[in-house]
Amino acid sequence: MQNIVSRIKRDVVNEVVRKTQLEFASQISMHLDNKIYLKREDLTPVHSFKLRGAYHKIRTLNIRQLSKGVITCSAGNHAQGVAFSAKKLGIYSVIVMPKITPKIKVDSVKSLGAEVILFGNSYDAAYDFSQNIAKKKGHIFIHAFDDLDVIAGQGTIAYELLEQLDDIDYIFVPVGGGGLITGIASVIKTQRPKIKIIGVEPVGSAAFTRSINSNTHAVLDEVDIFAEGVAVKKVGFENLRIAKKLVNGTVLVSNDEMCAAIKDIYNQNRYIVEPSGALALAGIKRYIFDKQLHNNNIISIVSGANMNFDRLRYITERANLNECN
């Protein structure tokens, strides 16, 4: 935990990400009988929090390493973070993306000047392929989550939250590989340990929850790709090692609950987030119902808003169905 905090360089992240907005969600708060705040990480230049960790990591590289270029594997948001960072620093970048990656994310990465390679139907398949390229070409691999400097970059969000809201009871964080929750929890538990950190995962990709419950580093046989931003078969080694000591609990939600949360956010403030961007709010709703919470200050990390337009009809249908159930 302290190792992460000591690595954090807020001034470096501020070169690409200014403090993102914390919005009070009045309508959602009234409905849930708690004060709900939305941390707008969709407002970064690449519309997700991933830019923080990617840039923070790449800025630690020396001139010789930078000259080799960088490579990563990502379903989209980290890819954009790496591509944006590489363009800003004037270095070569290669991005390996699963074939299931939404077109909006692929096009965005290409527009930033990165070489894009589509391979496999899962993060893990694309990851293995990217590792082979890195060894063959000598590029520096920038991991999406299992890297202490990437984790530290994500941790800058926590410092912003502490400056934006004095009284915080809960922070709900979407969990994929675990970089975001590890960075946030590392800072929060050193600064305000009484704040509860709750991880939220889709039922179909709950590697972190399964790892915590089984006290192993669980590997999923299959992963639901509806929320592709968190669709991984296993969490990072460093992430699991650190986060399991700091996280106060986890909650699982269905795809329909994510769809309903996307609709909630749109009805509240008229913007559309991707499924993983609504994951934390879906978890808040489920947690409040299960625990019968009242009058708490609760933060939802809105992790990203990179979604293909043609998914909206399906999401609308599932959101409406969820409301009827």
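The structure displayed is predicted, hence computed values, not measured ones. (Residues numbered from 1 in each chain as written. Predicted model: local features only at pLDDT ≥ 70, side-chain atom pairs only at ≥ 80, totals over all residues. Heavy atoms only, no water.)

**Q** What should I look at first to understand the packing of aromatic side chains in this one?
**A** Any two aromatic rings considered together are summarised by their centre-to-centre distance and by the angle between their planes. Under the definition given, this model contains six aromatic pairs. Residues Tyr127 and Phe141 carry aromatic rings whose centres are separated by 5.5 Å and whose planes lie at 85° to one another, so their mutual orientation is edge-to-face. On the criterion of sequence distance, the pair formed by Tyr127 in helix 8 (residues 123–137) and Phe141 in strand 6 (residues 140–141) is long-range, its members being 14 residues apart. Judged by its relative accessible area of 23%, Tyr127 falls in the partly exposed class. (Phe/Tyr/Trp six-rings, centres within 6.5 Å; stacked < 30°, edge-to-face > 60°. Helix = DSSP H or I, 4+ residues; strand = E, 2+ residues; numbered from the N terminus. Buried < 20%, exposed > 50% of the residue type's maximum accessible area, 1.4 Å probe, protein only.)

**Q** Whenever I open this one, the pairing of strand 2 (residues 35–40) confuses me. Can you help?
**A** Two faces make up the sheet, and in a regular strand the side chains alternate between them. Along strand 2, five of the six residues are buried, which leaves the element largely enclosed by surrounding structure. Examined bridge by bridge, strand 1 (residues 22–24) and strand 2 share three bridges and lie antiparallel to one another. Across the sheet, the residue bridging to Phe24 is Tyr37, located in strand 2. Pairing of strand 2 with strand 10 (residues 297–302), which is carried by six bridges, proceeds in the parallel orientation. (Pairing = 2+ DSSP bridges.)

**Q** Help me understand the pattern of salt bridges, please; the structure alone is not making it clear to me.
**A** Pairing between side chains becomes possible if they bear opposite charge and their charged atoms approach one another. Evaluated as defined, the whole model comprises 20 salt bridges. Across the pair Arg318 and Asp256 runs a salt bridge, and its minimum N-O distance is 2.8 Å. One end of the pair, Arg318, is in helix 16 (residues 312–324); the other, Asp256, is in helix 14 (residues 255–269), with 62 residues separating them in the sequence. Among the residues examined, Arg318 registers a relative accessible area of 26% and is labelled partly exposed. What you see here is one network of salt bridges that share partners, running through Arg7, Lys57, Asp147 and Asp149. (Salt bridge = Lys/Arg side-chain N within 4 Å of Asp/Glu carboxyl O.)

**Q** Hey, could you run me through the environment of Val302 in this one?
**A** With respect to the secondary-structure elements, Val302 resides in strand 10. For Val302 and Val82, which are 220 residues apart along the polypeptide, the C-alpha to C-alpha distance reads 20 Å. Discounting residues that sit within four places of it in the chain, Val302 has contacts with Leu38, Lys39, Arg40, Glu41, Asp42, Val273 and Gly277. (Contact = heavy atoms within 4.5 Å.)

**Q** I'm lost on the packing of helix 14 against helix 15 (residues 275–291) in this one. Help?
**A** At a minimum axis distance of 8 Å, the contact between helix 14 and helix 15 shows a crossing angle of 100°. If you check the angle between helix 14 and helix 15, you find them roughly perpendicular. Two secondary-structure elements touch here, helix 14 through Glu257, Met258, Ala260, Ala261, Ile262, Asp264 and Ile265 and helix 15 through Pro275, Gly277, Ala278, Leu279, Leu281, Ala282, Lys285 and Arg286. Across the contact of helix 14 with helix 15, the residue classes break down as ten nonpolar, one polar and four charged. (Axes fitted to C-alpha atoms, helices over the stretch in contact; angles between N-to-C directions. Parallel < 35°, antiparallel > 145°, perpendicular 65-115°, else oblique. Nonpolar A, V, L, I, M, F, W, Y, C, P; charged D, E, K, R; others polar.)

**Q** I would appreciate a short explanation of helix 10 (residues 156–164) in the present structure.
**A** Every α-helical turn comprises 3.6 residues, leaving residues that sit three or four positions apart pointing alike. Burial within helix 10 is extensive, with seven of its nine residues counted as buried. Looking only at helix 10, the buried set comprises Thr156, Ile157, Ala158, Tyr159, Glu160, Leu161 and Leu162.

**Q** Looking at this structure, I do not really get the sheet that holds strand 10. What am I missing?
**A** Sheet architecture is open: six strands sit in the order 1-2-10-7-8-9, paired in mixed fashion. Since the sheet does not close on itself, it has two edges, and those belong to strand 1 and strand 9 (249–253), each with one partner. The sheet shows a mean angle of 25° between the axes of neighbouring strands, taken without regard to direction. Judged from the five bridges that link them, strand 7 (residues 170–174) and strand 8 (residues 196–202) form a sheet pairing that is parallel. The residue of strand 8 that forms the bridge with Phe172 is Ile198. Its contacts with the sheet put helix 10 on strand 1, strand 2, strand 7 and strand 10, and the angle it makes with strand 2 is roughly 135°.

**Q** Is there a simple way to explain helix 7 (residues 103–111) in this structure?
**A** Along helix 7, the positions that sit buried rather than exposed are Lys105, Val106 and Val109. Along helix 7, the residues classed as buried sweep out an arc of 100° about the axis, all on the same side. Turned more than 90 degrees away from the buried face of helix 7, the exposed residues are Lys103 and Ser111. Turning to helix 7, the residues buried within the fold contact helix 6 (77–89), strand 4 (93–97) and strand 5 (115–118). Phi for Gly113, located one or two positions after helix 7, is positive at around 90°. (Arc of directions from axis to C-beta.)

**Q** So what exactly am I meant to see when it comes to the layout of surface pockets here?
**A** Over the atoms rolls a probe the size of a water molecule, and in doing so it shows where empty space is left. A volume near 440 Å³ is recorded for the second largest pocket. In terms of lining residues, the second largest pocket is bounded by 36 residues, among which Lys50, Glu228, Gly229, Val230 and Val232 are the most central. Taken together, the elements giving at least two residues each to the lining of the second largest pocket come down to helix 6, helix 8 and helix 11 (179–191). Among the elements that take part in the lining of the second largest pocket, helix 11 stands out by supplying three residues, more than any other. Tallied by class, residues from the lining of the second largest pocket come to 17 nonpolar, 14 polar and five charged. (1 Å grid on protein atoms, 1.4 Å probe; cavity = no way out; pocket = protein on both sides within 12 Å on 5 of 7 lines; lining within 4 Å. Points joined across faces, edges and corners; volume = space filled by probe spheres on them.)

**Q** Explanation requested: the sheet that holds strand 6 in the structure shown.
**A** Sheet strands pair by backbone hydrogen bonding; their relative direction is either parallel or antiparallel. Sheet architecture is open: four strands sit in the order 5-4-3-6, paired in parallel fashion. For this open sheet the edge positions go to strand 5 and strand 6, each flanked by a neighbour on one side alone. In terms of strand pairing, strand 3 (residues 70–73) meets strand 6 through two bridges, oriented parallel. Bridge pairing in strand 6 places Ile71 opposite Phe141.

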